[in-house]
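Structure assessment
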Amino acid sequence: MQFDKNTVEEREDCNASLPRTSAVACMINTEIGTVLAVMRRNVRWGGRFLSGDNQLEHSLIHSFKKLRKQIFKWQTQWPKVNPILYLQPFLDVIQSDETGAPITGVALSSVYKILTLDVFDLDTANVGNAMHLIVDAVTSCRFEVTDPASEEVVLMKILQVLLACMKSKASVVLNNQHVCTIVDTCFRIVHQAGTKSELLQRIARHTMHEVVRCIFSRLPEIENMDPAPADGCNLIEQENGRLDDPHNFIDGLIPDNGSVGAEISSASFVSNVPSSVVESAIDENSSGVGKEKGADSNDLYLMKQPYGLPCMIEVLQFLCSLLDISEHVRMEPKSNTLAFDEDVPLFALSLINSAIELGGCSFRRHSRLLLWIQDDLFFNLMQFGLSTSPLILSMVCCIVLNLYHHLRTEIKLQLEAFFSSIILRLAQSRYGASYQQQEVAMEALVDFCRQKEFMVEMYANFDSELTSSNVFEDLINLLSKSAFPVNSPLSALNTVALDGLIAVVQAMADRIGDAPPFLECAPANLKEYIPFWMIKCDDYGDPGNWVPFIRHIKYIKRKLTIGADHFNQGPRKGFEFLQSLHLLPEELDPQSIACFFRYTAGLDKNLIGEFLGNHDEFWIEVLREFARTFDFCEMSLDIALRIFLETFRLPGESQKIQRVLEAFAESYYEQSQQIFVNKDAVLLLSYSIIMLNTDRHNVQVKKKMTEEDFIRNNRRINGGKDLPQEYLSELYHSICKNEIRTTPELGAGFPDTTPSLWVDLLLKSKKAPPFIKIDNRPYLDHDLFAIMAGPVIAAISVIFDHAEDEAVYQTCVEGFLAVAKVSARYHLADALDDLVISLCKFTSLLNPSYLEEFVVLFSEDIKAKMATTTLFTIANAYGDYIRSGWRNILECILRLHEFGLLPGHVATDSGDNLALSNDAEDEKTSVKSLSSSQLPSMGIPRRPSGLMGRFSQLLSFETEETRSEPTDEELAAHKHTLDTIEQCHINNIFRESKFLQADSLLQLAGAIMAAGRTSRETVSAESNGTAVFCLELLIAITLNNRDRISLLWSSVYEHIHHIVQSTTMPCPLVEKAVFGLLSVCQRLMPYKENLVDELLRSLQLVLKLDARVADAYCEPITQEVGRLVKANAAHIRSQMGWRTVLSLLAITARHPEASEAGFDTLSFIMSDGAHLLPSNFVLCADAARQFAESRVGQAERSVHALDLMAGSVDCLVRWAHQTEEASMVEDAIKMSQDIGEMWLRLVQGFRKTCLDNREEVRNHALLSLQKCLVVVHDVCISHEVWLQCFDLVIFTVLNELFGIAQEYSQKIYRNMEDTLVIAMKLLSKVFLLSIDEPIQSTTLSKLWLGVLEQMEKYMKVKIRGKRSEKLQELLPEILKNTLLVMKSGGVLVPGSAAGGDVLWDLTWSHVNNIVPSLLEEIFPVAGSDQLHRHEREPEAPQIAIGMASTLPIEAVTSEG
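What you see is a predicted model, and the numbers here were worked out from it, not measured in a lab.

1. A short note on the overall build of the chain
Scanning the chain from N- to C-terminus turns up 64 helices and four strands. Burial analysis of the chain (1456 residues in total) assigns 55% to the buried set. A fraction of 76% describes how many contacts in the chain between residues 6 or more apart in sequence connect residues 24 or more apart.

Given below as structure tokens:
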């Protein structure tokens, strides 16, 4: 053994091939010497052998010596040397049954060295025969066993050499037969190693794995040389064989575990199995190694070819056969360290997995390999998937995952069966699976979920297929339910399920980046009846075709499910429901009902059986149509009957059973006529099978039917002839082993994978639609996420709630963010709202607690901090699609506000950004630098929030207990909490609200208003502060959304209106409401001219303020109104808008603090007529009047107000001239009338101020009135308006002034004499203006009478008890000038016609009372015929200088 060790060390030191020099000869010479040295240590080989009279050496030793003589002669031509020449002596030793284990081991080591050092390669002569000899020699190795250790060494070296053959560069010259022999030999050593050391076991298994890898690693290089099966009949034949004796090849495959004797034949290597492996044909009908006893010449020819596909088929068959035998073969307990039930299949599965890993997608190109995978391999995987061994289950899942990755397009229905019958069953404890099985199944499912396209493909291929189960929905429900910890702490199973859910959602989120613009799914309502089972997709390669098709089919499937529920409750109800959806025709026909029964999942099988057994002719036809929906082609009778009866419950009545079996027999005979001569034979045999099934599987039947009984019972049923006995025997054994279930199992969640169901699955797979392979585009993500959103959010939330590990928290947060991203992408607002509501619960902000408690606990609560950060991250990123969730988000924000933890700039609008940017550094510094004075004291009630609350607290400082200073820990907690809140960027929610979608914005505003209303219902300072804050937020988003203010304005206005109407005392809330309203109007009016009137109308709320509230805020309100007007006067056009503004200004006229600001604004409007308009003229005049009449402030303000009123008349003159130039006559007339009315309203405004007790105001009012009356002389004022002016203003003022002068003392009305003088001058001047206008004589007489009466009255006025000297001097002059003007104008003429006598008499009757001498002065006697009362005519007098400018030229000349 020492030689052997040296050889191994030497081999390890040589890492490269030897050069073609003497080194090769030296190496071989060394190996010869090593073998000879070991042989000579044995007594048998140490002496000489006698042959007759001569002493001869043994042939083995002689061959080595002969080789020694030759090797150094080949140095120059070594590549041309036949390798057999230097290999044969070693191979003879290996094959000799006379050598012991040490000698055989050294020979094997020498061969291994020659192989690994590449002494020969593909270019070497006769390399193929050399490789064949090596394989033959090693696989037929014989040696004497001297001790167990030596035997194990030899077995290890055999494995070593065989693996070296497969890894050698010359391995390609091996033929299929030799490769199969190598595999078989390796497996035998693996099996025999079960009684050996663990080292040998591990080496043998490892070698087997390496050999399989070497074989299947060549699969991608092999071209497809095998024709595809013509009809796939071998599938059915294989299943028939499986039902009869699926393990008949196993005899002799695994040898008796006896001790290894002197000859290797006593061991396992000389059994008949190697020959079966070599000679077994690759006929598609064979189901395992050794089953087929013969082989045709073509198969033998293929086995002699360089290894490739044939040996791979054989190896895969062999590995599948290992799975087939595991349940039926048992070994002695002492024979193996592991139970055979687990060891053999686990080993076989691991080999199969290696083959699939290396073969990959190449299996698809070789139909025979693919056939074995689709059928035998997958069927065995289904059987072992339910194994109680976690190791086997894990390996099965790994294989299926590899198959899915490489071959999923070829194993569509197999995948459905695996998930439906294995994963969904084992992952749930209620179906009897152990916790280990659940965990393995769940981990496997999560591995599938990590394949990004997996869930989408499950949905596209199964959930949207009428005859398939809802795999996607079932898996999602499984993951969701498994994530919930039920009355127990969080387990590994819960977190694994969570990983699966998050992997699915994350895959959807990752696909969003490559997504086309999202389009809402159009409804798939059916407009007319189309047989749903006949709907096909035109092109599965074009997403434009199959995506709408899948959605359409899914819609039908959902409706069919609902219809099935209705049917189960009442068949008529179900039919009517489906007819209303056009899924069944209006007139039911047998085919539509039959297909409804056949292709609708979830129907009550008892009901189906009752309908199918009905004797009515219609239902008999339904039964026939139902039977025709099955494909029984090339299917054995028992399997066909199983498949048929598994779709409904066979009725119990014999007549119904007969009708059902007759329909089955007819359909089966039409499709399979190979054995039966007529359908009656099928019917009779079917009856017999049902009876046999009842007999064999009914526990109440004591005496069971034998095979002979069954065959005897079915004699001469095939048209008077017997059926083949082998056929009947197969049927008998099939029924005995596998019961035909005629009664559906109630509550059975998942059916077992029986051979009959597997046959049905294979047949369906031939007709099934192609597997839809999804690329990285989110074609169906919207549909999937709409289904899974609710369960996923609930599952992640419950894990987040129960978890205690930060890593789990982080996983949940990633899930939350992925859910939010997908929800927003596909506009699933309900899902996003659910997520937000769930996160709000974890922030701990909604838990009632004191500030001090919250700050400390929050800073230590990782879950709460992560939830808070995540919540506001989602709100900022995906706020567009949040709806009702805004209420919960706002509750959290209000809680932070209540605690004083919000940044100071949260409730600001984008217009304040500049100011914020200037103060940003200061604010940051203030947040970061915390002192104990900034923190609430610990151990006392929390600090009230809001202005009023803080003020009341300030008042109570004297009675409050001494506050304790916060500790360093509390300071650090407070700082940490502030940092966390700062990272949330809460202010961006409101600042960036202008980018929110309209629905989301309305929901946010509604949430703010709702929170504000809720807070107002309480009277605490905290809630008042909350309401104020809510209002600030509302105003901020209103201002930020000025471009779409129409969306918000009505609701915002209603909210503010409610605050104003319900508030009777000054408070911060109503203050914020009023000034917020003014701010909104001020900021929005320049941008929204179409809303100016609506905005200004809203300011009428200010006019409705309670008196106490209005008084408290009058001055700042007026200042804000002033700013609004000065900034937006040009935008205010309507009379309503001006009325609102000027009403607000007019109110301030009598307010001590506000009047100055109000008058300043009014002056801005009226000065120089800059902003006077026809729409606001009267309103401005009225407002100015109120300021003029107001006693608030100095008299100068009243005088200024009068000047504003007087100055406004210039605008009327300007407008009048513009009217004259207007081209539209009607408009000009209308405007003239309006100007007259405005002028009349203006002069009426002076009436009260003309009576003011302040002398300067009173006199200035009269002068201003005179200006207004005189200036418009050139304006076309109608006679009616002019007369109204005299009646309503001039005469009224004169009468009242006269009354004041008579009744009030000089202390109250000072210098009334001067006022009366001004009034008389005003009267005379205005009357003279009237004379120039064409006026009716009666009107003039009336007007003139009024003037004379006023003069007459004023002549008699007494001031301080005596008549006024000034009036006594003034009035005669005024009267005289007036009369002269009237005379010169021909108004007052003696003896005038048309009432001239009346005017003349009227005039002198009053003038004589005032100044009797005036008649003679003005009208001297000119003749008796012209004078009725005077005898002479006076000379032409001199007109008073003051009136000269108003008289015509004729009036100032002498009488002519």
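2. Points about the side chain of Arg883
Relative to the elements of secondary structure, Arg883 occurs in the loop between α38 (862-878) and α39 (885-898). Despite its burial, Arg883 pairs with no opposite charge; the closest candidate is Asp999, at 4.2 Å N-O. There is a polar contact of 2.7 Å between the side chain of Arg883 and the backbone oxygen of Asp880.

3. Re the packing of aromatic side chains
For the coordinates displayed, the defined rule picks out 54 aromatic pairs. An aromatic cluster of three or more residues is present, and its members are Phe626, Phe630, Phe632, Phe644, Phe648, Phe664, Tyr668, Phe676 and Tyr727. Just above the ring of Phe630 sits the side chain of Arg598; from NZ or CZ to the centre is 3.8 Å. Positioned above the aromatic ring of Phe1298, the side-chain terminus of Lys1353 is 5.2 Å from the ring centre.

4. Side note on unusual backbone geometry
Not every positive phi belongs to a glycine, and Asp118 is a case in point at roughly 55°. Counting through the fold element by element, Asp118 comes out in the loop between α6 (101-116) and α7 (127-139). Owing to a relative accessible area of 17%, Asp118 belongs among the buried residues under this scheme. Positioned with a positive phi, His985 is a non-glycine residue whose angle comes to about 55°. Mapped onto the fold, His985 is located in the loop between α42 (968-983) and α43 (986-991).

5. Some details on the packing of helix α54 (residues 1195-1207) against helix α57 (residues 1255-1271)
For any two helices packed against each other, one specifies the inter-axial angle together with the distance between the axes. Relative orientation of the contacting elements α54 and α57 amounts to 5°, with a least axis distance of 9 Å. Our classification of the angle between α54 and α57 gives roughly parallel. Contacts from Ala1195, Ser1198, Val1199, Leu1202, Asp1203, Met1205, Ala1206 and Gly1207 in α54 reach Glu1256, Val1257, His1260, Ala1261, Ser1264, Lys1267 and Cys1268 in α57. Here the contact of α54 with α57 is composed, by residue class, of eight nonpolar, four polar and three charged.

6. Notes on the side chain of Ser468
Following the sequence through the fold, Ser468 ends up in the loop between α20 (454-463) and α21 (471-483). Of note is the side chain of Ser468, whose polar atom sits 3.5 Å from the side chain of Glu416. In this structure, Ser468 is in contact with Glu416, Asn461, Phe462 and Lys557, ignoring residues within four places of it in sequence.

7. A closer look at the environment of Leu377
Relative to the helices and strands, Leu377 is located in helix α16 (residues 367-384). On the basis of relative accessible area, Leu377 is assigned to the buried category, the value being 0%. Spatially, the C-alpha atom of Leu377 lies 9.1 Å from that of Ser321, the residues being 56 residues apart in sequence. The contact partners of Leu377, leaving out residues within four places of it in the chain, are Cys320, Leu323, Ile352, Ile356, Trp372 and Leu403.

8. A few points about the pattern of salt bridges
Charged atoms that come close allow side chains of opposite charge to pair. A complete count under the given rule lists 37 salt bridges for this structure. Arg205 serves as the salt-bridge partner of Asp343, at 2.6 Å between the closest nitrogen and oxygen. Taken together, the residues span a long stretch of sequence, with Asp343 in helix α15 (residues 340-359) and Arg205 in helix α10 (residues 198-216) at a distance of 138 residues. With a relative accessible area of 7%, Asp343 lands in the buried category. Linking Arg551 and Asp783 is a salt bridge whose minimum nitrogen-to-oxygen distance equals 3.0 Å. Separated by 232 residues along the polypeptide, Arg551 in helix α23 (residues 543-569) and Asp783 in helix α34 (residues 781-802) bring together distant segments of the chain. What you see here is one network of salt bridges that share partners, running through Glu621, Arg624, Glu625 and Arg628.

9. Observations concerning helix α37 (residues 851-860)
All buried positions along α37 are accounted for by Leu851, Glu852, Phe854, Val855, Phe858 and Ser859. Here the buried residues of α37 occupy an arc of 165° about the axis, which is enough to place them on one side. Exposed residues lying more than 90 degrees from the buried face of α37 are Leu857 and Glu860. Buried residues belonging to α37 abut α38 and α42.

10. So, α7
Taking 1.5 Å as the rise per residue, α7 with 13 residues should run 18 Å; its terminal C-alpha atoms sit 18 Å apart, in good agreement. Counting buried positions along α7 gives ten out of 13 residues, so the element sits mostly inside the fold. Taken together, the buried positions of α7 are occupied by Val127, Gly128, Ala130, Met131, His132, Ile134, Val135, Ala137, Val138 and Thr139.

11. Here's the deal with the confidence of the model for the chain
When the pLDDT values of the chain are averaged, the result is 80; 81% of them are 70 or greater. Of the regions scoring below 50 in pLDDT, residues 913-962 engages in 64 contacts with residues more than four places distant in sequence or in other chains. Ignoring residues within four places in sequence, the model shows residues 1421-1456, a span with pLDDT below 50, making 57 contacts including any to other chains.

12. Points about the environment of Glu1313
Structurally, Glu1313 is set in helix α59 (residues 1312-1331). On the basis of relative accessible area, Glu1313 is assigned to the buried category, the value being 19%. Residue contacts for Glu1313: discarding those within four places in its chain leaves Ile1359, Ser1364, Glu1365 and Lys1366. Within the structure, Glu1313 has its side chain in polar contact with the side chain of Ser1364 (distance 2.4 Å).

13. Observations regarding the packing of α54 against helix α55 (residues 1209-1221)
Running from amino to carboxyl end, α54 crosses α55 at an angle of 10°, the nearest separation of the two axes being 4 Å. Relative to α55, α54 is oriented roughly parallel. For the pair α54 and α55, contact is made by Met1205, Ala1206 and Gly1207 and by Val1209, Asp1210 and Cys1211, respectively. Per-class residue counts for the contact of α54 with α55 are four nonpolar, one polar and one charged.

14. Brief notes about the environment of Lys863
When you line up the elements, Lys863 lands in helix α38. A sequence separation of 63 residues divides Lys863 from Phe800, and the C-alpha atoms of the two residues are 7.9 Å apart. The contacts of Lys863, once residues within four sequence positions are left out, are Phe800, Asp801, Ala803, Tyr809 and Phe842. A polar side-chain atom of Lys863 sits 2.7 Å from the main-chain carbonyl oxygen of Asp801.

15. Regarding a negative patch on the surface
Together, Asp1111, Glu1115, Glu1153 and Glu1156 make up a region of like negative charge exposed at the surface. With respect to the helices and strands, Glu1156 occurs in helix α52 (residues 1155-1166). Overall, the relative accessible area of 58% leaves Glu1156 in the exposed class.

Procedures and definitions
Residues numbered from 1 in each chain as written. Predicted model: local features only at pLDDT ≥ 70, side-chain atom pairs only at ≥ 80, totals over all residues. Heavy atoms only, no water. Helix = DSSP H or I, 4+ residues; strand = E, 2+ residues; numbered from the N terminus. Buried < 20%, exposed > 50% of the residue type's maximum accessible area, 1.4 Å probe, protein only. Contact = heavy atoms within 4.5 Å. Lys, Arg positive; Asp, Glu negative; His and termini not counted. Salt bridge = Lys/Arg side-chain N within 4 Å of Asp/Glu carboxyl O. Polar contact = N/O pair within 3.5 Å; in protein donor to acceptor, adjacent residues only side chain to side chain. Phe/Tyr/Trp six-rings, centres within 6.5 Å; stacked < 30°, edge-to-face > 60°. Lys NZ or Arg CZ within 6 Å of the ring centre and 35° of its normal. Axes fitted to C-alpha atoms, helices over the stretch in contact; angles between N-to-C directions. Parallel < 35°, antiparallel > 145°, perpendicular 65-115°, else oblique. Nonpolar A, V, L, I, M, F, W, Y, C, P; charged D, E, K, R; others polar. Arc of directions from axis to C-beta. Expected span 1.5 Å × (residues − 1). pLDDT = per-residue confidence, 0-100. Patch = residues over 30% accessible without salt bridge, like charges linked within 9 Å, V, L, I, M, F, W, Y side chains within 5 Å. Areas by Shrake-Rupley, 256 points an atom, 1.4 Å probe, with all protein chains shown as cover. Charge placed at Lys NZ, Arg CZ, Asp CG, Glu CD.

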